[in-house]
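Analysis of the macromolecular model
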Amino acid sequence: MFLGAVEEAKKEDGTVVYGGKVMDRPGNYVELPIAADEEEVFAWNNEVKQGLSSNIFTKDLGRIFRWLRPKGSDCGIVNVNIPTSGADTGGAFGGEKHTGGGGESGSDAWKQYMRRSTCTINYSEDLPLAQGIKFQ
């Protein structure tokens with residue numbers, strides 16, 4: 001019945017963003033599906049007051065570039081297929097909205113008219129940590 005309900009949502013143009021599968025383990029366990037319109041999900045990300053960092057996990061290149069565009073994530077650090085590490089030192093750093101002033105080290109006046117983002121895209125199967133850190 002669960003899988004039938006997920007398929008019915010897909011037939012009605014729903015997109016399962018996450019989950020929607022039966023877990024392979026004893027008992028009756030499922031990954032709860034999150035079915036939502038992409039624009040709605042992006043709006044959820046952007047409606048909060050915080051704007052330091054955001055992440056999306058997808059292999060869909062179109063979705064990646066929609067996430068990175070001005071109408072995508074409005075955070076200062078925008079990641080794809082990699083979590084926020086707290087050590088994103090390779091690019092512009094600084095939150096937006098209530099969590100920062102748009103970057104450290106001061107900005108030139110023209111930069112006040114732009115939104116600056118550090119974008120990281122991980123297209124591998126691995127989930128690397130910042131600066132090659134490995135936990136044993």
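Procedures and definitions
Residues numbered from 1 in each chain as written. Predicted model: local features only at pLDDT ≥ 70, side-chain atom pairs only at ≥ 80, totals over all residues. Heavy atoms only, no water. Helix = DSSP H or I, 4+ residues; strand = E, 2+ residues; numbered from the N terminus. Buried < 20%, exposed > 50% of the residue type's maximum accessible area, 1.4 Å probe, protein only. Contact = heavy atoms within 4.5 Å. pLDDT = per-residue confidence, 0-100. Pairing = 2+ DSSP bridges. Axes fitted to C-alpha atoms, helices over the stretch in contact; angles between N-to-C directions. Core = buried A, V, L, I, M, F, W, Y, C linked by side-chain atoms within 4.5 Å.

All right, on to the overall build of the chain then. The helix and strand tally for the chain stands at three helices and seven strands. Listing every helix and strand of the chain by position from the N terminus yields α-β-β-α-β-β-α-β-β-β. Here the chain holds 136 residues, and 23% of them are scored as buried. Residue pairs in contact within the chain that sit at least 24 positions apart in sequence constitute 55% of those at least 6 positions apart.

What follows deals with the confidence of the model for the chain. Chain-level pLDDT for the chain is 78 on average; 79% of the residues reach the 70-or-more range. Helix H3 (residues 61-68) holds the highest mean pLDDT among the elements of the chain, 92, whereas strand E6 (residues 96-97) holds the lowest, 72.

On the basis of which strands lie adjacent, the open sheet formed by three strands has the order E4-E5-E7 and parallel pairing. Edge strands, defined here as strands with exactly one partner in the open sheet, are strand E4 (53-56) and strand E7 (118-121). With strand direction ignored, the average angle separating the axes of adjacent strands in the sheet is 15°. The pairing of strand E5 (residues 77-80) with E7 spans four bridges and is classified as parallel. Its bridge partner lying in E7, Ile 77 is registered against Thr 118. With respect to the sheet, H3 is in contact with E4, E5 and E7, its orientation differing from that of E5 by roughly 175°.

Among the secondary structure elements, Asp 126 is positioned in the segment after E7. Residue class for Asp 126 comes out exposed when judged on its relative accessible area of 55%. Spatially, the C-alpha atom of Asp 126 lies 9.0 Å from that of Ile 82, the residues being 44 residues apart in sequence.

By size, the foremost hydrophobic cluster in this structure holds six residues: Phe 42, Ile 56, Ile 64, Trp 67, Val 78 and Val 80. For this core, the elements supplying multiple residues, two or more each, are H3 and E5. In this structure Phe 42 touches Ile 56, Arg 63, Arg 66, Trp 67, Lys 71 and Gly 72, once residues within four positions along its chain are discounted.

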